[in-house]
Amino acid sequence: MSGVQYFRGNDAFFEALPQALLPASREGVVRILMMGDVVGRPGRKIVKSVLPQLKHRAKINIATINGENLAGGFGITQKIFNELTAPAVGIDVITMGNHWCDKPEVHAIRKSGARMVLPQNLKNLDGVTVIPEFEIPNSRRRLAVVNLMGLFAMKHEYNDPFEFLESVKSTLEAKVQGGQCIVIVDVHAEASSEKQAIAWFLDGVAAGLVGTHTHTPTSDERLTRKGTAFLTDVGMTGPYESVIGMSLAGSMCRYFSPKQKKPQEVSENDSWLCGFLLEVSEHTGLTLAAHRLQYREDTEEWTLRTVTPPAAKT
Ligand SMILES: [Fe+2]
Ligand SMILES: [Fe+2]
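The structure contained in this document is the topic of the report that follows. (Residues numbered from 1 in each chain as written. Chains lettered and ligands numbered in written order. Predicted model: local features only at pLDDT ≥ 70, side-chain atom pairs only at ≥ 80, totals over all residues. Heavy atoms only, no water.)

1. Some points on the coordination of the iron ion (ligand 1)
Listed as protein donors to the iron ion (ligand 1) are Asp37 (OD), Glu68 (OE), Asn69 (OD1) and His215 (NE2); their distances from the metal cover 2.0 to 2.2 Å. Given four donor atoms and angles of 89 to 168 degrees at the metal, the environment of the iron ion (ligand 1) is assigned as irregular. The sequence pattern describing where the donors of the iron ion (ligand 1) fall on their chain is D-x30-E-N-x145-H. Between the two metals, the iron ion (ligand 1) and the iron ion (ligand 2), the spacing is 3.4 Å, and Glu68 donates to both. Here Asn69 lies in the loop between β3 (62-66) and α3 (78-85) and Asp37 lies in strand β2 (residues 29-37), a separation of 32 residues in the sequence. Residue classification places Asp37 among the buried residues on the basis of a relative accessible area of 0%. Judged by its relative accessible area of 4%, Asn69 is buried. (Donors = N, O, S within 2.8 Å, 3.2 Å for Na, K, Ca; no water. Tetrahedral: all angles 85-135°; square planar, octahedral: opposite > 155°, others 65-115°. Helix = DSSP H or I, 4+ residues; strand = E, 2+ residues; numbered from the N terminus. Buried < 20%, exposed > 50% of the residue type's maximum accessible area, 1.4 Å probe, protein only.)

Have a look at this one:
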């Protein structure tokens with residue numbers, strides 16, 4: 001495993017980035033950037049300002065976010081969906097979570113057949129169990145996107161994500177081994193244990209898995225011997241000085257003076273952007289190297305940690 005690297009300023013980061021990535025001469029690498037919950041206007045702003053350059057400089061084929069908190073922290077609107085999926089910004093796929101239906105427009109977005117994925121274990125929603133596949137630019141494989149709600153400490157009830165995975169695993173495996181797909185997974189859950197158990201269940205099938213929902217990045221990125229990269233929570237992209245993206249005033253009141261019932265609002269402070277960059281073999285559909293990325297708007301500081309598989313036992 002390589003150590004954590006820090007860079008001050010975009011120029012320093014983007015100059016060093018090629019050395020952290022697999023060599024350009026290595027053929028057939030598909031780069032997939034997975035980001036977590038993007039929170040409100042500040043989260044959208046940092047995505048719009050950083051992603052186009054990051055996508056270009058790292059030669060990222062396809063980029064995903066979790067969109068459950070895009071609109072004022074709660075849900076998604078058509079306007080925001082259009083804005084972020086415009087080629088000039090470059091979000092290709094949006095997964096969702098427990099706030100998926102906070103804005104009613106989500107149903108129109110879904111019906112338009114666009115690039116939004118709802119958790120496949122939502123209850124009583126027609127067609128939701130289908131795992132959608134998306135074209136990956138410059139790859140003959142397609143991207144199969146699994147999105148699941150965890151069960152622990154959730155307000156609403158969901159179908160069992162573990163049962164669902166047992167029912168689809170062999171099909172996904174055949175698509176990976178047959179050269180048709182690369183599989184990525186967003187597990188939207190409170191409990192680290194649920195997310196890690198799912199990652200190990202899909203070992204050698206999924207190229208990458210990120211946990212989302214806690215809005216708090218973990219630093220336990222791993223790449224298994226079989227080529228599955230995972231990170232228990234990739235962390236939100238949103239205001240840094242905040243409580244999971246929300247303003248300090250509203251959050252303090254919520255916990256310390258709950259009787260006052262102040263509305264929860266997204267903080268307007270500077271953001272950080274958190275992501276997990278996968279370098280996937282076009283040949284096997286599994287991951288060769290993965291990188292945890294974080295960027296702080298206020299200090300212009302980048303953090304990069306590359307993870308490679310465990311050394312072979314002698
Ligand atoms: Fe969230
Ligand atoms: Fe959530």
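Now, onward.
2. Let's talk about the packing of aromatic side chains
Centre distance and the angle of the planes are the two values used to describe a pair of aromatic rings. Taken as a whole and judged by the stated rule, the model has seven aromatic pairs. Here the aromatic rings of Phe13 and Trp302 are separated by 3.9 Å at their centres, their planes lie at 5 degrees, and the arrangement is stacked. With Phe13 in helix α1 (residues 10-20) and Trp302 in strand β14 (residues 301-307), the pair connects residues that are 289 residues apart, well separated along the chain. Trp302 matches Phe13 in its accessibility class, with the two residues each being buried. Through pairs of rings, three or more aromatic residues link up here, namely Phe7, Phe13, Phe14, Tyr295 and Trp302. Looking at Lys169, its charged tip hangs above the ring of Phe201, at a distance of 4.3 Å from the centre. (Phe/Tyr/Trp six-rings, centres within 6.5 Å; stacked < 30°, edge-to-face > 60°. Lys NZ or Arg CZ within 6 Å of the ring centre and 35° of its normal.)

3. What about the side chain of Thr212?
Looking at the element boundaries, Thr212 is found in strand β8 (residues 208-212). For Thr212, a relative accessible area of 0% corresponds to the buried category. Among the polar contacts made by the side chain of Thr212, one reaches the side chain of His188 at a distance of 2.7 Å. When sequence neighbours within four positions are dropped, the list of residues in contact with Thr212 reads Gly36, Asp37, Asn66, Asp186, Val187, His188, Ala189, Lys195, Asp233 and Val234. (Polar contact = N/O pair within 3.5 Å; in protein donor to acceptor, adjacent residues only side chain to side chain. Contact = heavy atoms within 4.5 Å.)

4. Some details on the coordination of the iron ion (ligand 2)
Those donors, Glu68 (OE), Asn98 (OD1), His188 (NE2) and His213 (ND1), are the protein atoms that reach the iron ion (ligand 2), and they lie 2.1 to 2.2 Å from it. The coordination sphere of the iron ion (ligand 2) comprises four donor atoms, whose angles at the metal cover 89 to 148 degrees; the geometry is irregular. All donors of the iron ion (ligand 2) belong to a single chain; written as a sequence motif, their spacing is E-x29-N-x89-H-x24-H. Using a relative accessible area of 1% as the deciding quantity, one classes Glu68 as buried.

Read these as geometric descriptors, not functional statements.
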